[in-house]
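Each chain, written out:
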Amino acid sequence: MMEVAIDIQNLRKSFDGKDFVLNGINLTIPKGKITVIIGFSGTGKSVLLKHILGLIRPTSGNIQILGRDLWSMEQKEINLFRRKMGVLFQYAALFDDMTALENVCFPLREHRRDLKLKEIVDIAMNKLKVSGLDQKHFNKIPSEMSGGMRKRVGLARALALDPEILLYDEPTTGLDPILTEMVDHLIKETHHVHTGSTTVVVSHDLFAAFSIGEHIVMLDKGTVLLSGTPDVFRNSDIELVQRFLAKGFKTG
Amino acid sequence: MATPYFRRKKDEMLSWWKTNRLEFNRKLDQFFGSLVYGLSQLFFETGQAFLFGTQSIRLIFQKPSRWDEVLRHMEFIGNKSVIIICLTGGFTGLALSYQIYLGFKLVNATNLVGPTVALGITRELGPVLTGLIVAARAGGAMAARLGTMRVSEQIDALEVMGFDSKQYLVAPRILAAFVSMPLLCAVFDFVAMVSAGLLCVKVLGIDEAIFWDKIQQWIEPGDIYQGMVKAAFFGLTFASICTNKGYFAKGGAKGVGEATNQGVVNSMVLVIISNYFLTNLIRFFYVITGLRS
């Protein structure tokens, strides 16, 4: 039987009390697989991701992450629980007054107080190397780095605490095709290195979805339009899915 | 001759009134509406900022401790404001003592220039000007920094990494402002009094012994404490307002700019308004405790 990492039941969210951005999402994200959430702009992909991260409180519905409901926990418990999740934000969200190495050390210094500074630095350097950042860039601050380098540092920071769930918010947005391919490759590599970890990618890049995704979810108007393997999508006769596939591959 | 003229003018005015009455009333409504809205918004935002500030500052005593962050922000708010505080204090002392000297010379009371300047500086100008300067310098920086962190998802990143963002970002800033402000106010008082003394004694020819002796005679430690208490309160005020504005900023660079602007303006207005009420409150406290008549 398939193990579940994230279970979302009838999730609804309205910011103004009238229009619902998410309108009854029912979704199960399997453990140990790469799930890609796709959809047109404004369908609620990023809002859904923020719900999974516990950054937005749902209007109604239930989200279970690794069998726990974030909103039934105390703040301290949430903070501890969040160690199990790592996120690569759209623009990496690096702390701009810290170097690449300091950015990766930061969560370790907070949550691994049992480690000495040298051990923390060693772990951080290892994560940066795994993410593919050249050592000569370790002491650069974000403003001195390119988009691709920032993504690598963001990924290393997300990996710092060896999370069970790794989430990517539009990881290839704003990158050129070569960098996009590199990031896709990085996501796949990271998933394989961290055996057993669950990866969730929010993207509108159809090529990425089909090249890295083992499980794809398509959102439309705040609901799940289709969920399944890439083959399920290829064989789907839903008009919107076909249009999205045709358009995506054409523009890609 | 005048009657037809005034009748014509009256008719013109009546016809203007009939034509523009609705527009005039609409503009009047708009003016008073925006005035009431602005005032209610100021009260609402002040209340919100104080709730935000008190909620945040409580978190400083929770584990893990953030005292290193408090010290770091104290260095920014306190140490890095010393030069500008000294400059402002020095020239305020010079200008105030000169004006008071000119006024008192008219009634042959130049002996009282020292204590008058000292009272004005320690009770009012010291804390208020320190509050305004530091609110503009450090408060603006706080709002801009937190606003940038919010719109670039750095605060989200902090939360996701298991940090309590209010405990890590907001509480240390508010506490640092609360502790640094009385110290800065003391620096302001000291520099202002020294510069006033130099001007009065070396340039205006007031006897040095009389100048300092009268100050000792009239000024009590309570006057200095009063200013320092006010400064601490102003620190709480501007730090709560500016961190609140920055923390909830949205809308990219424009939103950060607006948050910074509103944070600084609201802080300055509140420093001035609350100064009056604090003066009365402290006076009331001194009277009921019997510390002053």
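What counts as what
- Residues numbered from 1 in each chain as written.
- Chains lettered and ligands numbered in written order.
- Predicted model: local features only at pLDDT ≥ 70, side-chain atom pairs only at ≥ 80, totals over all residues.
- Heavy atoms only, no water.
- Helix = DSSP H or I, 4+ residues; strand = E, 2+ residues; numbered from the N terminus.
- Rg over C-alpha atoms; globule rule 2.2 N^0.38 Å.
- Buried < 20%, exposed > 50% of the residue type's maximum accessible area, 1.4 Å probe, protein only.
- Polar contact = N/O pair within 3.5 Å; in protein donor to acceptor, adjacent residues only side chain to side chain.
- Contact = heavy atoms within 4.5 Å.
- Salt bridge = Lys/Arg side-chain N within 4 Å of Asp/Glu carboxyl O.
- Patch = residues over 30% accessible without salt bridge, like charges linked within 9 Å, V, L, I, M, F, W, Y side chains within 5 Å.
- Areas by Shrake-Rupley, 256 points an atom, 1.4 Å probe, with all protein chains shown as cover.
- Pairing = 2+ DSSP bridges.
- Buried area = accessible area lost by both parts, 1.4 Å probe.
- Nonpolar A, V, L, I, M, F, W, Y, C, P; charged D, E, K, R; others polar.
- Axes fitted to C-alpha atoms, helices over the stretch in contact; angles between N-to-C directions.
- Parallel < 35°, antiparallel > 145°, perpendicular 65-115°, else oblique.
- Left-handed = near helix turned anticlockwise from the far one by under 90°.

A. Examining the overall build of chain A more closely. When helices and strands are tallied, chain A shows nine helices and 10 strands. Taken against the 2.2 N^0.38 rule, which gives 18 Å for 252 residues, the C-alpha radius of gyration of chain A at 18 Å falls within 12% of a compact globule. Dimensions of chain A, computed from the C-alpha atoms along their principal axes, are close to 55 × 45 × 40 Å. Expressed as a percentage of the 252 residues in chain A, the buried residues total 54%.

B. Highlighting the side chain of Glu45 of chain B. Residue and element names in this part refer to chain B. Relative to the helices and strands, Glu45 is located in helix H1 (residues 2-58). Since its relative accessible area comes to 14%, Glu45 is described here as buried. For Glu45, the side chain forms a polar contact with the side chain of Asn266, separated by 2.8 Å. With residues near it in sequence (within four places) discarded, Glu45 still touches Asn244, Lys245 and Asn266.

C. Representation of unusual backbone geometry within the structure. The linkage connecting Lys63 of chain B with the following residue, Pro64 of chain B, adopts the cis geometry, with an omega of -5 degrees. In this fold, Pro64 of chain B is placed in the loop between H1 and helix H2 (67-77). Phi at Glu170 of chain A is positive, roughly 40 degrees, even though this residue is not glycine. With respect to the helices, strands and loops of the structure, Glu170 of chain A is situated in the loop between strand S7 (165-169) and helix H6 (177-193). Here Glu170 of chain A falls in the buried class, since its relative accessible area comes to 8%.

D. Geometry of the pattern of salt bridges. Considering all chains together, one arrives at 22 salt bridges over all chains under this definition. Note that Glu77 of chain A and Arg68 of chain A form a salt bridge whose closest N and O atoms lie 2.6 Å from each other. Relative accessible area serves as the criterion here: at 34%, Glu77 of chain A is assigned to the partly exposed category. In this structure, a network of salt bridges that share partners links the residues Lys50 of chain A together with Arg150 and Asp156 of chain B.

E. Layout of a nonpolar patch on the surface. All names here are of chain B. On the surface, a cluster of nonpolar side chains totalling about 960 Å² of accessible area is made up of Trp16, Trp17, Phe24, Leu28, Phe31, Phe32, Leu35, Leu39 and Phe43. You can see Leu35 is positioned in helix H1. On the basis of relative accessible area, Leu35 is assigned to the partly exposed category, the value being 46%.

F. Quick peek at the sheet that holds strand S4 (residues 60-65) of chain A. All names here are of chain A. Reading across from one edge, S2-S1-S4-S5 is the order of the four strands in this open sheet, with antiparallel pairing throughout. Among the strands making up the open sheet, the edge pair consists of strand S2 (20-30) and strand S5 (68-69). Of the strand pairs in this sheet, strand S1 (residues 4-14) and S2 are connected by eight bridges, and their pairing is antiparallel. In the sheet register, Leu11 faces S2, and the bridge partner there is Ile25.

G. Fine view of the interface of chain B and chain A. Taken residue by residue, the interface counts 19 residues in chain B and 23 residues in chain A. Together chain B and chain A conceal approximately 1,800 Å² of surface at their shared face, both sides included; 55% is due to carbon and sulfur atoms. Of all residues in chain B, Glu153, Val160 and Met161 of chain B give up the largest surface area on contact with chain A, accounting jointly for 34% of the area buried on that side. One can count five salt bridges joining chain B with chain A. One salt bridge connects Arg66 of chain B with Glu110 of chain A, and the closest N-O pair in it is separated by 2.8 Å. Summed over the shared surface of chain B and chain A, the number is seven residue pairs in polar contact (both at pLDDT 80 or more). Listed by contribution, the elements that provide at least two residues to the side of chain B that touches chain A are helix H4 (113-151) and helix H5 (154-160) of chain B. Here the element with the most residues in the side of chain B that touches chain A is H5 of chain B; it accounts for six residues. Taken together, the residues of the side of chain B that touches chain A break down into eight nonpolar, four polar and seven charged.

H. View of the sheet that holds strand S3 (residues 34-39) of chain A. Residues and elements named next belong to chain A. Read from one edge of the open sheet, six strands run S6-S7-S8-S3-S9-S10, paired in mixed fashion. At either margin of the open sheet sits one strand with a lone partner, and together these are strand S6 (85-88) and strand S10 (223-228). On average, each strand axis in the sheet is inclined to that of its neighbour by 20 degrees, with strand direction left out of account. In this sheet, strand S9 (residues 215-220) lies alongside S3 in parallel orientation, the contact comprising five bridges. Counted as the bridge partner of Gly39 is Leu219 from S9. Along the sheet face, helix H5 (residues 147-159) touches S6 and S7 and points at about 175 degrees away from the line of S6.

I. Molecular detail of the packing of H2 of chain B against helix H6 (residues 165-203) of chain B. Residue and element names in this part refer to chain B. Packing of H2 against H6 leaves a shortest axis separation of 8 Å and a crossing angle of 50 degrees. Classified by the angle between their axes, H2 and H6 sit oblique to one another. Here H2 and H6 pass one another in a crossing that is right-handed. Where H2 approaches H6, its residues Trp67, Glu69, Val70, His73, Met74 and Ile77 are matched on the opposing element by Tyr168, Pro172, Arg173, Leu175, Ala176, Ala177, Val179, Ser180 and Leu184. When its residues are assigned to classes, the contact of H2 with H6 shows 11 nonpolar, two polar and two charged.

None of the figures reported here should be taken as evidence of function without further support.
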